Amino acid sequence: MKYFFIIICFLLFSIRSHAQYSTHDTIRVSAIVINNDTLPHKWITEVIIKDKAPRWLVKQRRKQREYEQDIAHLRYNVYKVYPYAVAASFVLRDVDSALQLIESKDARKLYKERKEKELNKQFKNELENLTITQGQILVKLIARETGKPCYQIVKELKGGFNARIWQTVAVLFNNNLKSGYSPTGDDAMIESIVKEIVQRGHYEKKRI
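These remarks concern the structure in this document. (Residues numbered from 1 in each chain as written. Predicted model: local features only at pLDDT ≥ 70, side-chain atom pairs only at ≥ 80, totals over all residues. Heavy atoms only, no water.)

### Considering the overall build of the protein chain
The line we're drawing: In this text, helices come from DSSP runs of H or I with a minimum length of four residues, and strands from runs of E with a minimum of two, each type numbered from the N-terminal end. The classification of residues rests on relative accessible area computed with a 1.4 Å probe and restricted to protein chains. Under 20% of the type maximum is buried, over 50% is exposed, and intermediate values are partly exposed. The contact criterion used is simple: two residues touch if any of their non-hydrogen atoms lie within 4.5 Å. Only the protein chains shown count as cover for residues, and all accessible areas are computed by the Shrake-Rupley method using a 1.4 Å probe.
Each helix and strand in the protein chain was counted, giving six helices and two strands. When the helices and strands of the protein chain are listed from N to C terminus, the series reads α-β-β-α-α-α-α-α. By residue count, 27% of the 208 residues in the protein chain fall in the buried class. Within the protein chain, contacts between residues at least 6 apart in sequence are counted, and of these 69% link residues at least 24 apart. With the model as given, the accessible surface of the protein chain reaches about 16100 Å², and the carbon-plus-sulfur share is 55%.

### Focus: the nonpolar core
Formally: Nonpolar cores were defined as sets of buried Ala, Val, Leu, Ile, Met, Phe, Trp, Tyr and Cys residues, with membership established by side-chain atoms within 4.5 Å.
In terms of nonpolar packing, the biggest core is built from 29 residues, with Val-78, Val-81, Ile-137, Leu-138, Leu-141 and Ile-190 touching the most fellow members. Looking at this core, the elements with two or more residues in it are α2 (55–100), α4 (132–146), α5 (150–172) and α6 (188–199). Top element by residues in this core is α2. It accounts for nine residues. Counting residues in hydrophobic clusters, the runner-up holds five residues, among them Val-95, Ala-98, Leu-99 and Tyr-111.

### Re helix α3 (residues 105–128)
Applicable threshold: The reported bend at a residue is simply the angle between two axes, fitted to the 7 residues ending at it and to the 7 residues beginning with it. For the purposes of these results, a polar contact is taken to be a pair of N or O atoms within 3.5 Å, where, inside protein, one atom must be able to donate a hydrogen and its partner to accept one; residues adjacent in sequence count only when each atom of the pair is a side-chain atom.
Along its length, α3 shows its largest kink, about 45°, at Gln-122. Put simply, Ser-104 is the residue that caps the front of α3, since its side-chain oxygen is 3.4 Å from the backbone nitrogen of Asp-106.

### Focus: a nonpolar patch on the surface
Note the threshold: Patch rule: a residue counts if its relative accessible area is over 30% and it has no salt bridge; like charges are joined within 9 Å, and nonpolar side chains (Val, Leu, Ile, Met, Phe, Trp, Tyr) within 5 Å. By salt bridge we mean one thing: a side-chain nitrogen of Lys or Arg within 4 Å of a carboxyl oxygen of Asp or Glu.
There is a patch of nonpolar side chains on the surface, built from Ile-132, Phe-161, Ile-165, Trp-166, Val-169, Leu-172 and Phe-173 and spanning about 750 Å² of accessible area. No other element matches α5, which puts five residues into the nonpolar patch. Under the relative-accessibility criterion, Phe-173 is labelled exposed at 52%.

### Overview of the side chain of Asp-187
Here Asp-187 shows up in the loop between α5 and α6. Within the structure, the side chain of Asp-187 is placed 3.2 Å from the side chain of Lys-140, a separation counted as a polar contact.

### Points about the packing of α2 against α4
Rules: Lines fitted to C-alpha atoms define the axes here, with helix axes fitted over just the stretch in contact, and angles between the N-to-C directions of these axes take values from 0 to 180 degrees. Roughly parallel means an angle under 35 degrees; roughly antiparallel means over 145; roughly perpendicular covers 65 to 115; every other angle is labelled oblique. Rotating anticlockwise by less than a right angle from the far helix to the near helix defines a left-handed crossing, while the corresponding clockwise rotation defines a right-handed one. Lys, Arg, Asp and Glu make up the charged group, whereas Ala, Val, Leu, Ile, Met, Phe, Trp, Tyr, Cys and Pro make up the nonpolar group; the residues left over, Gly among them, are polar.
Axis separation between α2 and α4 bottoms out at 8 Å; the angle between their running directions is 45°. With respect to α4, the element α2 is oriented oblique. For the crossing formed where α2 meets α4, the hand is right-handed. In terms of residue class, the contact of α2 with α4 is built from 14 nonpolar, five polar and three charged.

### A closer look at a positive patch on the surface
Rules: His residues and chain termini do not enter the charge count, which takes Lys and Arg as positive and Asp and Glu as negative. By convention, the charge on Lys lies at NZ, on Arg at CZ, on Asp at CG and on Glu at CD.
A cluster of like positive charges, contributed by Lys-59, Arg-61, Arg-62, Lys-63 and Arg-65, occupies part of the molecular surface. Among the secondary structure elements, Lys-59 is positioned in helix α2. By relative accessible area, which is 44% here, Lys-59 ends up partly exposed.

### Details of the environment of Ser-179
Inspection of the secondary structure assignment puts Ser-179 in the loop between α5 and α6. Other than its neighbours up to four places away in sequence, Ser-179 contacts Val-139, Ala-143 and Pro-149. At 2.9 Å, the side chain of Ser-179 and the backbone oxygen of Asn-176 are in polar contact.

### Quick word on the pairing of strand β2 (residues 37–41)
Going by this rule: When DSSP finds two or more bridges between two strands, those strands count as paired.
As paired strands, strand β1 (residues 30–34) and β2 are joined by five bridges and run antiparallel to one another. The partner of Ile-34 across the bridge, within β2, is Asp-37. In textbook terms, the turn of a hairpin is the stretch between consecutive antiparallel strands, and for β1 and β2 this stretch comprises two residues, one of which, Asn-35, has a positive phi near 55°.

Laid out in C-alpha cells, this is it:
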C-alpha cells in the first residue's frame, strides 16, 4: 500500500510539472514530505475490492431469477388459455339453458351432437396446439369459470363412461379432469394473473 501511494503521488507531481503556467499561476495543494522530498498529496476515492459473492448469495440470486422466469411463463400461459375458459363458460351456460327447454331424450342427444360439432370446428385446431402445461392450466380455469371440474361437465353432457375415457386420456398427458380450483391455495398465482387480466378489461367474468 505504501508503494502504491508513492506511485500515485509521483504521477500527480509529473502531471503538474509538465503543465504550462504563467509566472503568476499558483495552485495550492496539500503536500507530504518523504525522504526530504515534498510531494503533492491528494485524497482519492476509496475503492473496496471484494472477493466473489458468497455461495448462499449466488444461490439466492439464481433462485430469484428462476422464480421470475417461472412467473413470466405462467403469465404467458394464463393469458393464452383464459379466453378458452371464458368461452367454455358461455357455451356451457347456453347448453344448460337450451337443454332445460328440450324434453325429448333424442332431441337432447341430437342437440348435444350438433353443439359438439360446432365447437370442434371452432376450437379443435387451436386447442390441439396447446402445450401440456397450457392444457393443465386450461382445465383449472374452466373449473374456475364454470364452477365445475371438467370431469363433471363431460359426465353431465356425455355420460359417465365417456368421462372416464377422457379422464384416462388426460392422465396420459399428465393432466387431471377432476382438478378443481383453489384461488387462495395452490392456484393463488393463477388467480392473481386472472384478476390482472380482468382488471385490464380484456374479458368479462361470467359465472353460470
